[in-house]
Structure formats: structure tokens, C-alpha cells
Amino acid sequence: MTRLRSATRLVLTSVLLAAIAFAARAGEVGVSDDAILFGQAAALEGPSSALGQRLRYGIVAAFTEINAKGGIHGRKLQLISRDDGYDPDRSVAQTLRLIDDDKVFALIGAVGTPTAMATIPITSARDIPFIGPFSGAKFLRDLELANVVNIRASYGAETETLIKHLVEDRHFTRIGIFYQDDSFGRDGLTGVKNALARRGLELAAEGTFERNTRAVGAAWRTIKRAEPEAIVMVGTYGPSAEFIKLAHRSGVYPTFANISFVGATALAKELGPDGEGVVVAQVVPFPWDRSIRLVADYQTAQSAFDPTLAPDFVSLEGYLSGRLAAAALEKTGPDPTRAGLLRTINEVGRFDISGSIVTVGVRAMETPPKVFLTVIRKDGTFKAIDRL
């Protein structure tokens, strides 16, 4: 009888433990027995759509690669993408839809600073992971925002690299700025002013434009009066290309230097022959250099997902975000929770993705992500400036 009671207790204990484990799995939003669901609110249509679309391609390529190898602890990674048109109000609506209706486990691949400013309060209040935002905004790097996982360099780092090149390598002293008139553009403006001040210089001129427009004429008329030798550009590919073409039509050819958010490949396509010599900062490895194992894996994964897609900087960034999410989930274990994923990311802080080290959180403060410069060549392709 004693043995029977012991056996019964053992069976009941096993059943109870199994039930608890199942409840834990079933209770985590966006996690099922065979899938983990991610959500993306980004510009998929409209004047900045190339950014959101290409970021999505990279994330899906990474997820497809991971899933082909069996997923993460037997679960496939899935992505739902919703268009916010690079508009803060729409981004709030789509983010809430992803969280409340689609019930995603985490958000990944958001595009933009003004959209992030509108949606971060929602995700932070609910402790929802916000992975790989396509933004170098300073506020996203506040360590108090424990749910935000940045993989790219800050705009401050990008503008410092651009100004160092223009002033120290090119010996320019008259530098203007063309920027989007919102939180994104002002973040870039602050970075440029600070970088110039460190070298005893001030802005020669500044001009602004409104987000999601190509109304750049007034900005050009203001800036050209200062006859700048170089102009730093803080905007997306559409208005930036329009501005450069307008300058060239006016017979003026300063050096144009863009931060990475512009979308380098889309900018080169928009510019055509006007693109030669335009500088663009980058925050991911050169996406055509297959000697880098990360790049080779990215190209293979993207070709397997869609062989018609060409490599570019934005989709490589998306791929890196997807791989980072997968690596963190692998370390989190077979019963992932949002809190567990964020704890793993912030405690590990350093991830080896195909031989390339990605640092996040405090580790990123100690070892910041790299920035390098590229220049558009006559045929629309890119060359790293340090190889010129």
C-alpha cells in the first residue's frame, strides 16, 4: 500500500509539473508549441517604403534560414509586418494591432525615430522586446529602456565619423546641413554641431524639409547662399536625392555626406548619374564582401528566400537583427518568455553572429558598434572610402 501511495504521488507530481510547464508555455503571448511570432511596424508603402521592405527581407531571410535548420528549440520563427507609412500616429495604431490583435511575442525591425518615440512608451510599459530598430536616436540608447535592443551605431557616432572625414581628411571648413524637421533630423543636427565644435568649427548653414515630402527647394535656397564645401544630409532617400539633383541643376557640386538611415541603395538608384561621389555612412559590414562570413551567410540566406533580391545595407541589417533574436532565444531555453529573452540579451550582451560580434546594452557602451564610410561610384555601386 505504501509503495502504491508513493507511485501515485510520483505520477501526480509528474502530471503537475508537466501541467505547470505547459501552462507556462501556453501563457506566454506569441509562443505556441511550434512557433514564436514576431511583429514589425514599419514603412512598407509610400515614400520611405524601401527602408521597411528591405529590412523585412533581411529579417525573413534570417528566420527562413533558422527554420530550415529546425527552428529554435523546435519552434519556427514567424513575422507579421504591418505598414505604418513612417508616420507616428499610424505606427502607434499598427503597434497596438500587433500586440493586442496579432498577439506577437516581440517587435522587430521598426523604422524611424519619430515612430519609435511614439511607440516606445507602449512597448516599455508592457515589457515587450523591441529588437533592432532602424534608428540611431540617442533616446533609444538610454539603458533605462531595458526592452530596447539596439544593434546599430548611434547618429552621434555616425555624424562624428562624417565630420572627421570632411574636416580632417578633406580639410573642409564650410559645412552645411540638410535635415528632416523632426526628432530624427534634430538628433542628426545635434550630432553634427557637436562634432564640429570639437574641431573649433560652426555650421555654415542649415535647411530643413518636412517628413514624407520632397519639398526641398526652400532648404536649398537657404543653404546655397553660404556656398558650403560639404553638406551633411539627415533624411531618407527620396528628399535627399531631390536635394542633390537640385544642387546639380543649379551648377553647384559640394560634397554630399549622408547618414545610414538614408537607405544607401535606394539613394543611389534615385540619383542615377548624380550619385557619383556622394558619401554614405554605414553601420553594418559591406554587404558584397563575401570574405566576411556573416556577409556570405546573409547572401546565401537571402538568395534561398528570394533569388531575385540583390544585397544591400538595409536588408543585411534586418538579417543581423533576425539572427540576433534567434541567438538570444536559443540561449533563453526551451520555454521562452519576454522577460527571459530580455534578461538573456542584457546579461550576455555579446553575441557571435557568423563570426561577427554584436554588442548590446552595457556591452555596446563599452564596445560601440562600428561606423564606416562608403562612396557611390559612377555606375551606382559602392566603394568603402578606406579603400580609395
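Residues numbered from 1 in each chain as written. Predicted model: local features only at pLDDT ≥ 70, side-chain atom pairs only at ≥ 80, totals over all residues. Heavy atoms only, no water.

(A) Broad picture of the pairing of strand 2 (residues 76-83). The sheet contact formed by strand 1 (residues 35-42) and strand 2 spans eight bridges and is parallel. Bridging across to strand 2, I36 finds its partner in L77. In this region the chain leaves strand 1, passes through helix 2 (residues 49-68) and returns to the parallel neighbour strand 2; the handedness of that crossover is right-handed. (Pairing = 2+ DSSP bridges. Helix = DSSP H or I, 4+ residues; strand = E, 2+ residues; numbered from the N terminus. Right-handed = clockwise from strand over helix to strand, strands pointing away.)

(B) Structural detail: the packing of helix 2 against helix 10 (residues 293-305). Axis separation between helix 2 and helix 10 bottoms out at 8 Å; the angle between their running directions is 90°. One way to sum up the angle between helix 2 and helix 10 is to call them roughly perpendicular. Contacts between helix 2 and helix 10 involve Y57, V60, A61, T64 and E65 from the former and D297, A301, Q302 and F305 from the latter. (Axes fitted to C-alpha atoms, helices over the stretch in contact; angles between N-to-C directions. Parallel < 35°, antiparallel > 145°, perpendicular 65-115°, else oblique. Contact = heavy atoms within 4.5 Å.)

(C) The pattern of salt bridges, seen in detail. This model, assessed by the stated rule, comprises 14 salt bridges. Residue K69 pairs with E65 through a salt bridge whose shortest N-O separation is 3.8 Å. Close ionic contact of R82 with D102 constitutes a salt bridge, the shortest N to O distance being 2.8 Å. Of this pair, R82 sits in strand 2 while D102 sits in the loop between helix 3 (88-101) and strand 3 (106-108), placing them 20 residues apart in sequence. Note on R82: relative accessible area 19%, which makes it buried. Salt bridges here are not isolated pairs; linked through shared partners, they connect E160, E168, R198 and R199. (Salt bridge = Lys/Arg side-chain N within 4 Å of Asp/Glu carboxyl O. Buried < 20%, exposed > 50% of the residue type's maximum accessible area, 1.4 Å probe, protein only.)

(D) A look at the sheet that holds strand 7 (residues 205-209). A sheet is described by the order of its strands in space; here seven strands give the open sequence 7-6-8-9-10-13-14, paired in mixed fashion. A strand with exactly one partner marks an edge of an open sheet, and here the two such strands are strand 7 and strand 14 (382-384). Strand-to-strand twist across the sheet, computed as the mean angle between neighbouring axes with direction ignored, equals 25°. Of the pairings in the sheet, the one linking strand 8 (residues 230-234) to strand 9 (residues 255-258) comprises four bridges and is parallel in character. In the strand pairing of strand 9, V232 is matched with A257.

(E) Inspection of the nonpolar core at higher detail. Counting 104 residues, the largest nonpolar core has F38 and F243 as its most contacted members. Considering each element in turn, this core owes the most residues, ten residues, to helix 11 (residues 313-332). Aside from chain neighbours lying at most four places away, what touches F243 is F178, V216, A219, W220, I223, I231, M233 and F256. Grouped together as the second largest cluster of nonpolar side chains are 16 residues, L37, L98, V104 and A137 included. (Core = buried A, V, L, I, M, F, W, Y, C linked by side-chain atoms within 4.5 Å.)

(F) Structural view of the environment of I120. For I120, the location among the structural elements is in helix 4 (residues 113-125). Taking the C-alpha atoms as reference, I120 lies 20 Å from R211; in sequence the two are 91 residues apart.

(G) Main features of the side chain of D83. The residue D83 is located in strand 2 in this model. In terms of polar contacts, D83 uses its side chain to reach the backbone amide nitrogen of L44, at 2.9 Å. (Polar contact = N/O pair within 3.5 Å; in protein donor to acceptor, adjacent residues only side chain to side chain.)

(H) Structural context of a nonpolar patch on the surface. On the surface, L143, V362 and M365 cluster together into a nonpolar patch covering about 300 Å² of accessible area. For M365, the position within the fold is in helix 13 (residues 362-366). Residue classification places M365 among the exposed positions, given a relative accessible area of 54%. (Patch = residues over 30% accessible without salt bridge, like charges linked within 9 Å, V, L, I, M, F, W, Y side chains within 5 Å. Areas by Shrake-Rupley, 256 points an atom, 1.4 Å probe, with all protein chains shown as cover.)

(I) Broad picture of the sheet that holds strand 2. Strand order across the open sheet formed by five strands is 2-1-3-4-5, with parallel pairing between neighbours. With partners counted over all chains shown, the strands left at the sheet margins are strand 2 and strand 5 (148-149), one partner each. Across the sheet, helix 2 lies against strand 1, strand 2 and strand 3, angled at about 165° from strand 2, the strand it touches most.

(J) Inspection of the confidence of the model for the protein at higher detail. Per-residue confidence for the protein gives a mean pLDDT of 93, with 93% of residues at or over 70. In the predicted structure, residues 1-26 sits below a pLDDT of 50 and forms five contacts with residues beyond four places in sequence or in another chain. (pLDDT = per-residue confidence, 0-100.)

(K) Main features of the environment of F261. Within the secondary structure layout, F261 lies in the loop between strand 9 and helix 9 (264-271). Accessibility expressed as a relative area gives 0% for F261, which makes it buried. Put simply, F261 and G136 are 125 residues apart on the chain and 8.3 Å apart in space, counted from C-alpha to C-alpha. Not counting chain neighbours up to four residues away, the residues in contact with F261 comprise L51, Y86, V111, G112, F134, Y155, F184, G235 and T236.

(L) Inspection of unusual backbone geometry at higher detail. You will see that D127, though not glycine, has its phi angle at about 55°, which is positive. Among the secondary structure elements, D127 is positioned in the loop between helix 4 and strand 4 (130-131). Even without being glycine, S354 reaches a positive phi, approximately 50°. For S354, the position within the fold is in the loop between strand 11 (350-353) and strand 12 (356-359).

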